[in-house]
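Architecture and fold: a report
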Amino acid sequence: MSAPPAPRTFRIAAIPADGVGIEVVAAGRAVLDALAAGSDGAFAFDWTELPWGCGYYERTGRMMDEDGLEVLRGFDALYFGAVGWPSVPDHVSLWGLRLKICQGFDQWANVRPVRFHPGVESPLRRADEHPLDWVVVRENSEGEYAGLGGRNLSARGPGNEVALQTALFTERGCERIMRFAFDLARTRAVKKVSSVTKSNAQQYGMVLWDETFERVARDYPDVTTESVLVDAMAAKFVLRPEDLSVVVASNLNADILSDLGSALAGSLGLAASANLNPERRFPSMFEPVHGSAPDIAGRGVANPIGAISSAAMMLDHLGLPDQAARVRAAIEATTGAGVLTGDIGGKATTDEVVAAVIENL
Ligand code: GGG
């Protein structure tokens, strides 16, 4: 008789942070724990919850501990909620936590699938006629979010301040995210990569982006390509989404387009995201695309699907693709049965959606 497989325990740092982040991370954890409980001991999650976020900032003057990256470094993955609260300036909270982790751990590929769920009405008229499913691949380490620039008032006097916000495009940064997008496209039914540019107006960084895309594309002759201006791509998301498979874009452009994509799928509350360090030198971080939603925080009505789908992406990353597929199927069964939160036209609470997903596992 062969010995049973050794149990695999994954050490996960949970960082719920702010607002609905607290509710949706609890939701995702409940689903993953239910999955582990049903695995006959094959795998388990060892959670460490960290209290960082805007409340922590109000108490300590820091969004996370000074040695926060050292604390996180040894984990198998990070499970993040949402950052931002009206008491703390948004640029302080974002740079003090989420961007500090993404950039500190070189999580240079941000993968944001746009998925359409059964039972969820899309504002796109043609969503019922075409199977729609595409992925936004966001450059997550430089571009418009390089944090370069400064403000200067010097002798100009009040009302005359100047500010520089400089975008950084490196050939290496462009190339690695584009190769990632092409490799991803090769795993999909439609082998196509759409590059989002603005090189007509941004003649330095975006021209380097375009030239790198053309060069990288030559190594993937089996993958169809197109290069589309960001304004035209916004229109295409609405008018011709069936033409999309993998969309690769710079940090800011992809941030905007992925929100548009999830809104077209029905709600931002549905959208999942993985901040990957593909070389696995550092832990990767999984989080819903949505923010902290102070208007509904603490009421138990936040949509947990984005956070649970992000947990499914984490399962893929941890080498549990069958379990990830089970979670995705349970989500589809839940929305298909009409168990929906208010943002997608239903009346269910966060807990009711979580219970239905667990029931459907
Ligand atoms: N869970 C995602 C989140 O907390 N987002 C907050 C935010 O403002 N993000 C801006 C960005 O991702 O660029």
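Data block above holds the structure.
Report follows, based on the coordinates.

What counts, and at which threshold
Residues numbered from 1 in each chain as written. Predicted model: local features only at pLDDT ≥ 70, side-chain atom pairs only at ≥ 80, totals over all residues. Heavy atoms only, no water. Helix = DSSP H or I, 4+ residues; strand = E, 2+ residues; numbered from the N terminus. Rg over C-alpha atoms; globule rule 2.2 N^0.38 Å. Buried < 20%, exposed > 50% of the residue type's maximum accessible area, 1.4 Å probe, protein only. Contact = heavy atoms within 4.5 Å. Areas by Shrake-Rupley, 256 points an atom, 1.4 Å probe, with all protein chains shown as cover. Core = buried A, V, L, I, M, F, W, Y, C linked by side-chain atoms within 4.5 Å. Domains from an automatic or database assignment. Salt bridge = Lys/Arg side-chain N within 4 Å of Asp/Glu carboxyl O. Pairing = 2+ DSSP bridges. Axes fitted to C-alpha atoms, helices over the stretch in contact; angles between N-to-C directions. Near = heavy atom within 4 Å. Polar contact = N/O pair within 3.5 Å; in protein donor to acceptor, adjacent residues only side chain to side chain. Nonpolar A, V, L, I, M, F, W, Y, C, P; charged D, E, K, R; others polar. Phe/Tyr/Trp six-rings, centres within 6.5 Å; stacked < 30°, edge-to-face > 60°. Lys NZ or Arg CZ within 6 Å of the ring centre and 35° of its normal.

Turning our eyes to something else, we now look at the overall build of the protein. Assigned secondary structure in the protein consists of eleven helices and twelve strands. Computed over C-alpha atoms, the radius of gyration of the protein comes to 21 Å, within 12% of the 21 Å expected from 2.2 N^0.38 for 361 residues, which places it in the range of a compact globule. Taken along its principal axes, the extent of the C-alpha atoms in the protein is 70 × 50 × 45 Å. For the protein, with 361 residues in total, the buried portion stands at 52%. Considering only contacts in the protein between residues 6 or more positions apart, those separated by 24 or more positions represent 75%. Within the structure as shown, the protein displays about 16,100 Å² of accessible surface, and the carbon and sulfur contribution to it stands at 53%.

Next up on the list: the nonpolar core. Among the nonpolar cores identified, the biggest contains 67 residues, and Ile12, Phe45, Tyr79, Val193 and Met314 are the most heavily contacted of them. Both domains that meet at this core, namely domain 1 (1-115 + 271-361) and domain 2 (122-139 + 167-265), each give it at least three residues. Each residue touching Val193, except ones within four places of it in the same chain, is listed here: Ala181, Phe182, Ala185, Phe213, Val223, Thr224, Thr225, Glu226, Val246 and Val248. With 21 residues, the next largest nonpolar core counts Ile15, Met63, Phe80 and Ile101 among its residues.

Under the defined criterion, the tally for this structure stands at 21 salt bridges. When the shortest N-O distance is used, the salt bridge between Arg179 and Asp219 registers 2.8 Å. Of the two residues, Arg179 sits in helix H5 (residues 171-186) while Asp219 sits in the loop between helix H6 (205-217) and strand E9 (224-229), which places them 40 residues apart along the sequence. Under the relative-accessibility criterion, Arg179 is labelled partly exposed at 23%. Residue Asp219 is classed as partly exposed on the basis of its relative accessible area of 44%. The closest approach of N and O atoms between Asp243 and Lys236, which form a salt bridge, is 2.7 Å. By relative accessible area, which is 22% here, Asp243 ends up partly exposed. Residues participating in the shared-partner salt-bridge network are Glu171, Glu175, Arg179, Arg215 and Asp219.

Moving on: the sheet that holds E9. The ten strands lie next to each other as E2-E1-E3-E12-E11-E4-E5-E10-E8-E9, forming an open sheet whose pairing is mixed. Strand pairing shows two members of the sheet lacking a second neighbour, strand E2 (43-49) and E9, which therefore form its edges. Here the strands of the sheet are splayed against their neighbours by 25° on average, with no regard to which way each runs. As judged from the four bridges shared by strand E11 (residues 272-276) and strand E12 (residues 285-288), these two strands associate in the antiparallel manner.

Taken together, Gly81, Ala82, Val83, Leu94, Arg98, Arg138, Tyr145, Asp255, Glu287, Pro288, Val289 and His290 form the complete shell of residues around the ligand. Between an oxygen atom of the ligand and a side-chain N or O atom of Tyr145, the distance comes to 3.1 Å. The contact in question runs from a nitrogen atom of the ligand to an N or O atom on the side chain of Glu287, over 2.9 Å. If the ligand stood free it would expose 360 Å²; the protein chains cover 84% of that surface. Contributions of two or more residues to the shell around the ligand are made by strand E3 (77-82), helix H4 (90-104) and E12. Its residues placed into classes, the shell around the ligand shows six nonpolar, two polar and four charged.

The full count for this structure, using the stated rule, is eleven aromatic pairs. Measuring from centroid to centroid gives 6.5 Å for Phe169 and Trp209, while their planes differ by 80°, and the two rings are edge-to-face. In this pair, Phe169 is assigned in the loop between strand E7 (162-168) and H5 and Trp209 in helix H6, connecting sequence segments 40 residues apart. Residues Phe169 and Trp209 agree in their burial class; the two are buried. Relative to Tyr220, the ring of Phe182 has its centre 4.7 Å away and its plane inclined at 20°; by these criteria the two rings are stacked. Of this pair, Phe182 sits in helix H5 while Tyr220 sits in the loop between H6 and E9; the two residues are 38 residues apart in sequence, bridging distant segments of the chain. Residue Tyr220 is classed as buried on the basis of its relative accessible area of 5%. Ring pairs connect the aromatic residues Phe10, Phe43, Phe45, Trp47 and Tyr79, which therefore count as one cluster. Over the ring of Phe75 we find Arg11; its NZ or CZ atom is 4.5 Å from the centre of that ring.

Another point: unusual backbone geometry. Positive phi is not limited to glycine here, since Asp40 has a value of about 55°. Structurally, the position occupied by Asp40 is in the loop between helix H1 (20-37) and E2. A positive phi angle, close to 45°, is found at Ala293, a residue other than glycine. The topology assignment puts Ala293 in the loop between E12 and helix H9 (305-317). Ala293 sits in the partly exposed class, given a relative accessible area of 25%.

Among the secondary structure elements, Ala17 is positioned in strand E1 (residues 8-17). Given the relative accessible area of 11%, Ala17 is considered buried. Along the backbone, Ala17 and Val354 are 337 residues apart, and their C-alpha atoms lie at a distance of 20 Å.

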